[in-house]
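Per-entry structural report
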2 protein chains.
Amino acid sequence: MAETTHRNVIDLVAPPHACRHCGLLQLCDHGQVTTPAIEQLSAIVRHRVPLARGAALFHEGEPFRSIYVVFSGAMKTFTCSYDGDEQIVAFYLAGELVGVDGVHTGSHGSSAVALDRASVCEIPFEKLETLAQDIPGLLHQMLCMMSKEILQDEETMLLLGKKTADERLASLLLSLARRFREQGYSAQEFHLPMSRDDIANYLGLAHETVSRLFSRFQRQGLLTVRGKHVCVNNLAQLEILAGVPGAGAKTGRAGQII
Amino acid sequence: MAETTHRNVIDLVAPPHACRHCGLLQLCDHGQVTTPAIEQLSAIVRHRVPLARGAALFHEGEPFRSIYVVFSGAMKTFTCSYDGDEQIVAFYLAGELVGVDGVHTGSHGSSAVALDRASVCEIPFEKLETLAQDIPGLLHQMLCMMSKEILQDEETMLLLGKKTADERLASLLLSLARRFREQGYSAQEFHLPMSRDDIANYLGLAHETVSRLFSRFQRQGLLTVRGKHVCVNNLAQLEILAGVPGAGAKTGRAGQII
DNA sequence: CGCTGCTTTGAACAACTTCAACTTCTGTGG
DNA sequence: CCACAGAAGTTGAAGTTGTTCAAAGCAGCG
């Protein structure tokens, strides 16, 4: 895989940072797909489309043509109820896949907006499907990614259906921390890409509640919060709050930092 | 199973009732797949596996090998939080696809249980993937079904995140009514396959609240409820409650009751 | 026929929201 | 570089919605 042909293949074969964790490219990690396949894939991708903060990648109801991988920055997707209010469905960080909910109806089921300056790679879906016909690993990878999305949604439903406000915020923070770490950033100290309002919306709470929770978590020594900058001071306790299995057991050992 | 190959094909080519609406078979409606492909598909399916009320089809964490289509009856799937309580993720009626959330991790992300006497068709996933490699329409159909699941999940998140108790129950009833109609049953009068507890769990409410809502909806003339038997008396009003677009318009100017 | 589990109803309570006021950031133009 | 305006965030107090606890009514089933 190291022997590369030139052109835009370079982006993918020697990934600068985000590509390394790109959902679609994980196939090469698994050795299921050979270099020519990656070249084919790369040839149909529109790389690093830049997005300003607040810019929409697509709107709910628009015809579905492509899926996207976040290359840098962060995005949110949301659905609108008929009386106008939004429900944020998910946040996406670099390497994560956005926009797969349009396959069934042929139009996007949600809107996607950049949370800050961001860039995405656009993958025309029809071409991807054609390609998947020839590359066995790719088909599996596509199903995998959609399955992952479903899994994530199920987790969110558990959060919205059963968890208290404390548990919801703790769960979100841990999820973000884990995903930052997956990208090679610190899981202990990070910058929230979204506003309090967005967090509240996603968690099904009022933004005042979220604000109060941050203050309380800080008072309790769980976090140090300074605007959007968050530092996790007591991971073990945060995990207990979020309901992570076995989180209580570890605290005896002076709070192992996973 | 091996000796029944001929009959299997017949089941699918001349579907008795549920098969007509089977998520996987919708490809033939669209003319994308020819009869031989359906025969291939049918050959790998284990047809009409019977399930007693309360029987589990699979448990969360079990290795993922197959997906299932409900042939008759109804199912629920749920995830468990670490402190033990369940969140019902979805209800499935005849023709609907269960169990696609296991592709990514290789183990089921939720448990599936029959709500009453039910039967399902089991489709080994690996074989299906292989088949999809040869049948273009099938690949698309698989992606479609998963995308549909994601869409449904997004709707549920909106429900759990933003809707009031009234809106939640109204939404569920309308969803069930629509799906019963899709199967050729009455959308106005039907039998709820699940308990009040299950409804409450799914809607993120206490079961007492659901009970009170049913009573109030009946008092308000929206429904006639007798245990699990439900008759919708004022569909328009129920749609307004659930927030269906344009539902107010249909009732005429008089309909601005909310 | 008398369980046992499901459902309904009432009353007190808790969690979260709403409303309102205030503070802190951020970006823009002088 | 500072001043200012608007947005975002914080905090308090009152208000709602839905929960919890408790008890009674029903239905299906051995």
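As a reminder, the structure under discussion sits directly above these lines.
One structure accompanies this document, and this report is about it. Just so it is clear, the model here is predicted, and its values are computed rather than measured.

Moving on to the protein's contact with DNA strand D. As a matter of local geometry, DNA strand D sits amid 18 residues, with S211(A), R212(A), S215(A), A165(B) and T209(B) nearest to it. Backbone atoms, meaning sugar and phosphate, form 57% of the atoms of DNA strand D found within 4 Å of the protein. Contact between DNA strand D and R196(A): a phosphate oxygen at 2.9 Å from a side-chain N or O atom of the residue. If you list the elements that add at least two residues to the surface near DNA strand D, you get α7 (196-203) and α8 (207-219) of chain A together with α8 (207-219) of chain B. For the surface near DNA strand D, the element with the highest residue contribution is α8(A), accounting for 5 residues.

This brings us to the pairing of strand β3 (residues 66-72) of chain A. Residues and elements named next belong to chain A. Among the 7 residues that make up β3, 6 are buried, leaving the element largely enclosed by the rest of the structure. As paired strands, β3 and strand β8 (residues 118-124) are joined by 6 bridges and run antiparallel to one another. Following the sheet pairing, S72 is matched in β8 by S119. Bridge analysis of β3 against strand β6 (residues 97-98) gives 2 bridges, and the strand direction is antiparallel. Across the sheet, residue Y68 finds its bridge partner in β6, namely V98.

Let's shift gears to the nonpolar core. Soluble globular proteins: nonpolar side chains tend toward being buried together. Counting 108 residues, the largest nonpolar core has F214(A), L223(A), F214(B) and L223(B) as the members making the most contacts within it. Broken down by element, this core gets its largest block of residues, 9 residues, from helix α6 (residues 165-182) of chain B. Excluding anything up to four places from it in sequence, L223(A) contacts L173(A), F214(A), F217(A), Q218(A), V230(A), C231(A), V232(A), N233(A) and L238(A). Grouped together as the second largest cluster of nonpolar side chains are 55 residues, F125(A), L139(A), V45(B) and M142(B) included.

Calculation rules
Note on numbering: residues in each chain are counted from 1, in written sequence order. For this description, chains carry letters from A and ligands carry numbers from 1, given in the order in which they are written. Confidence filtering applies because this is a predicted model: local features only for residues at pLDDT of at least 70, side-chain atom pairs given and counted only at 80 or more, and all residues used for totals across whole chains, interfaces and linings. As a rule here, side-chain values cover all heavy atoms of the structure and leave hydrogens and water aside. We call a residue near a molecule or strand whenever a single non-hydrogen atom of that residue lies within 4 Å of it. Each polar contact in these results corresponds to two N or O atoms within 3.5 Å; when the atoms are within protein, one needs to be able to donate a hydrogen and the other to accept it, and residues that are neighboring in sequence are counted only if both atoms are side-chain atoms. Think of it this way: any DSSP run of H or I at least four residues long counts as a helix, any run of E at least two long counts as a strand, and we number them from the N terminus. With a 1.4 Å probe rolled over the protein chains alone, any residue whose accessible area is under 20% of its type maximum counts as buried; one over 50% counts as exposed, and the rest are partly exposed. Should DSSP find at least two bridges between two strands, the strands are regarded as paired. We call a set of buried residues a nonpolar core when its members are Ala, Val, Leu, Ile, Met, Phe, Trp, Tyr or Cys and they connect through side-chain atoms within 4.5 Å of each other. Contacts were defined at the residue level, with two residues in contact if any of their heavy atoms lie within 4.5 Å.

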